[in-house]
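A look at the structure
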Amino acid sequence: MTLQETTSLYSQLLEAAGSMTPGDGTESISDLRSNALNIFREQGFPTGKNEDWRFTSLTPYTDTHYVPGGASPADDNIRQAISDTAIPGLDAYLLVLVNGSLRPDLSTLPQNDQVAIQSIGNAALTGAFQEYFHDKTYTGADALLALNTALFTEGCFMLVKQGAVLDKPMRMLHVYGAVENSFFQPRHLWVINRHAQATVIEQSVVIKGGNALSLTNSVSRIVMKEEARLTHYNIQQHDAGERWLQYSRVSQLRGSRYDNFMISLPGADLIRNNLELSLDDTATESHLYGLYLVGNGQLTDNHTAIAHQHPSCQSNEHYKGVITGNGKAVFNGKVLVSQEAQQTNAYQQNNNLLLSEHARVYAKPQLEIYADDVKCSHGCTVGQFNPESLFYLQSRGIGAEAARNLLVEAFAYDVTDNIEDEVIKSHVQQLIHSSMAATIAG
Amino acid sequence: MLTIKNLHASVNGKEILKGIDLQVRAGEVHAIMGPNGSGKSSLASVLAGRDNYEITDGEVWLDGKNLLDMSPEDRAREGVFLAFQYPVEIPGVSNINFLKTALAEVRAYRGLPPLSAKEFLKLTKEKQELVAFEAKLANRSLNEGFSGGEKKRNEIFQLAMLEPKLSILDETDSGLDIDALRIVSDGVNKLRNNENAFIVITHYQRLLNHIVPDFVHVLYDGRIVRSGDKSLALELEEKGYDWLKELYHSGALQTS
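Residues numbered from 1 in each chain as written. Chains lettered and ligands numbered in written order. Predicted model: local features only at pLDDT ≥ 70, side-chain atom pairs only at ≥ 80, totals over all residues.

Points about the overall build of chain A
In terms of helices and strands, chain A carries 10 helices and 21 strands. The globule rule puts the C-alpha radius of gyration for 442 residues at 22 Å, and the 21 Å found for chain A is close to it. Seen through its principal axes, chain A has C-alpha atoms that stretch 70 × 55 × 50 Å. Looking at chain A as a whole, 50% of its 442 residues are labelled buried. Within chain A, contacts between residues separated by at least 24 positions form 84% of all contacts whose residues are at least 6 apart in sequence. (Helix = DSSP H or I, 4+ residues; strand = E, 2+ residues; numbered from the N terminus. Rg over C-alpha atoms; globule rule 2.2 N^0.38 Å. Buried ≥ 20, exposed ≤ 12 C-beta atoms within 10 Å, placed from the backbone. Contact = placed C-beta atoms within 7 Å.)

In structure tokens, the structure reads:
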């Protein structure tokens, strides 16, 4: 029985795949990719019938013809994108990827005794790559993950070497070129080796022709070795016509710390973030902060999953959303504490602010706890502005619109205040300020 | 400056203000006293434009402009200032940014040029000193974690910054110890002049030892049941409100 709904992109991808041999010469990867293709062939793009996609059917976004891989934009346009996305006052390394391919000529990279960066295509032949890539999670049942595994062509393999402490954050800018409707499937693998420390800021830009649509199905795997530390920002500042699907899987070994900031600004048609943490050892620490601002006609869906499988790990998650117009948001936060994971601390908090009567949020905290000596909590709220706060600001002469804007920034503060780097913090606060001013006014 | 005529207001269909008449001229301080639930805070709320009150009858004029037609922000820009009985804590909004925004909007409305960063800083410093408001509080989130006294001092600091025509102090003395009461009162006294006016709402006479009123009105059951000078406050302190309530219910008091 076939379960998939046949959309235009589905047929198009399978037709193209039928005439190619997946894989690049290595027997095991080749097998992995053809198995993955079969999974996608069977399942198709997720629809509302799938519990994990109940509120985010992909049918409307995949029922369109897309050119796979897009077209490379002119260097001038890429340089413009680099400067448009620059974070004022931030001294950072820069890694530019165009349609998933590395552009060292446009990048400013750290010394290669600190960080080794190569194309995922070249990396596929090395032992290190196979060690991490050949992970059971990649043969998993998720159709989009399978699709990426089967058909990805480009991406980066970044290895932060043992004991390397990056002196500056690295800005990783993904540039895509969509002359016509285009479909991208980048694949990334980062390994943060023992005692290494890095900060990475990911940003993405689509350089479009006219009203071209873009759909990106990106997969990242991040491996945190013992005592490694990574602070990872995703600044999702997008435009109409863009559809973003992102799957990130982070595995953590003993004593490692992973901090993620998922900042989704209003603009894209669709953002779906899947962020999964697999705590594969003891004494790890993880902080997930999310802020989603959703405007009229937009859908932002955050699915997070944290699996505590060993004792003495702590995870802390705080996602906040502001939804305006007829925007729609989804938050699904799963926390699993298995029986062996004693002395776990796991906290989750999700707060939503609905700014119009047509705004919607579907929030689902999901805690499964099988250990007994743990401290776990979760909370979820959906509300509107406190009318007393609004009145207080207005009573000082601040107009209703500016007052609402101030309150949105204040609401976001619980998330932004956790950004340790003052330059990045003030940039994010500025982005919130300008995007909400435009969204509330519009 | 302020003229209130036959003001009636209700909340959820329940009438709270039952015909208030009051005239406040520039340079005057009016105290409004009364027992709990008499409508004192409601009057303050209605003047500032809190939207859960329905005005069922009457008029309010501020220097010839119809106050009841205005949004709360426009009332503030016209020069009405309400010092809240319970100032709201707003984590994430810095006190200083909040004041900067408020002052910029008020000045723009009054046709005044925006203050430069330097001018703003100077003004802030000057007004902080005037009301003994510590600089470290000014830089924190709006009222977050402030003690009761600090919140009230912040109200007076904002008042000093915005320079309103008509200030309404809603039980500013509640929750203040003697020292804080003196600081707040000193601040208000320094801000009094011939061009502004104050309505001081209070339950107790002690605040009026510091901020000496020109007129004292007693509000009861949504009406002003007696008006007088500052000696009325002393009389109330001595005799309480019961004698007035009894007179009112016996019909012996002529309401304004």
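Let us keep going from here.
Side note on the overall build of chain B
When you go through chain B residue by residue, the secondary structure sums to 10 helices and 12 strands. By the compact-globule yardstick of 18 Å for 256 residues, chain B fits well, its C-alpha radius of gyration being 18 Å. By principal-axis analysis of the C-alpha atoms, chain B measures approximately 60 × 40 × 35 Å. The 256 residues of chain B split such that 43% are buried. Within chain B, contacts between residues separated by at least 24 positions form 71% of all contacts whose residues are at least 6 apart in sequence.

Digging into the nonpolar core
Counting 196 residues, the largest nonpolar core has Val175, Ile192 and Met224 of chain A together with Leu47, Ile168 and Val200 of chain B as the members making the most contacts within it. When residues no more than four places from it in sequence are discounted, the contact partners of Met224 of chain A are Ile192, Leu230, Val250, Ser251, Gln252, Leu253, Ser256 and Tyr258 of chain A. (Core = buried A, V, L, I, M, F, W, Y, C linked by C-beta atoms within 7 Å.)

A short note on the packing of helix α6 (residues 148-162) of chain B against helix α7 (residues 178-191) of chain B
Relative orientation and spacing of two packed helices are given, respectively, by the angle between their axes and the distance between those axes. Residue and element names in this part refer to chain B. Closest axis-to-axis distance for the α6/α7 pair is 10 Å, and the angle between their directions is 5°. Judged on the interaxial angle alone, α7 and α6 are roughly parallel. Where α6 approaches α7, its residues Gly149, Lys152, Arg153, Ile156, Leu159 and Ala160 are matched on the opposing element by Ala180, Ile183, Val184, Gly187, Val188 and Leu191. Split into classes, the residues belonging to the contact of α6 with α7 amount to 8 nonpolar, 2 polar and 2 charged. (Axes fitted to C-alpha atoms, helices over the stretch in contact; angles between N-to-C directions. Parallel < 35°, antiparallel > 145°, perpendicular 65-115°, else oblique. Nonpolar A, V, L, I, M, F, W, Y, C, P; charged D, E, K, R; others polar.)

A short note on the pairing of strand β2 (residues 14-24) of chain B
All names here are of chain B. Note that strand β1 (residues 2-11) and β2 share 8 bridges and pair antiparallel. Counted as the bridge partner of Leu2 is Val24 from β2. Linking two consecutive strands that pair antiparallel, namely β1 and β2, is a turn of 2 residues; a positive phi of about 50° is found at Asn12 within it. (Pairing = 2+ DSSP bridges.)

Looking at helix α9 (residues 400-416) of chain A
Taking 1.5 Å as the rise per residue, α9 of chain A with 17 residues should run 24 Å; its terminal C-alpha atoms sit 24 Å apart, in good agreement. Across the 17 residues that make up α9 of chain A, a large majority, 13, are buried. (Expected span 1.5 Å × (residues − 1).)

Thoughts on the interface of chain A and chain B
Opposite the 17 residues of chain A that make contact, chain B presents 20 residues. Elements with a minimum of two residues in the side of chain A that touches chain B: α8 (387-394) and α9 of chain A. Considering every element that reaches the side of chain A that touches chain B, the biggest residue donor is α9 of chain A, with 7 residues. Its residues placed into classes, the side of chain A that touches chain B shows 9 nonpolar, 5 polar and 3 charged.

Section: the confidence of the model for chain B
Residue-level pLDDT values for chain B average 92, and 99% of them are 70 or greater. Scored by ipTM, the complex comes to 0.95, with pTM at 0.85. (pLDDT = per-residue confidence, 0-100.)

Quick look at the sheet that holds strand β6 (residues 170-178) of chain A
Strand pairs in the sheet, formed through backbone hydrogen bonds, run parallel or antiparallel to each other. Residues and elements named next belong to chain A. What the 10 strands build is an open sheet, ordered β3-β2-β6-β9-β11-β13-β15-β17-β19-β21; its pairing is mixed. Looking at which strands have only one partner, the edges of the open sheet turn out to be β3 (101-102) and β21 (375-383). Relative to β3, strand β2 (residues 93-98) runs antiparallel, the two sharing 2 bridges. Looking across to β3, one finds that Val98 is bridged to Ser101. Relative to strand β17 (residues 314-323), α9 is tilted by about 165°, and along the sheet it contacts β15 (285-294), β17 and β19 (345-354).

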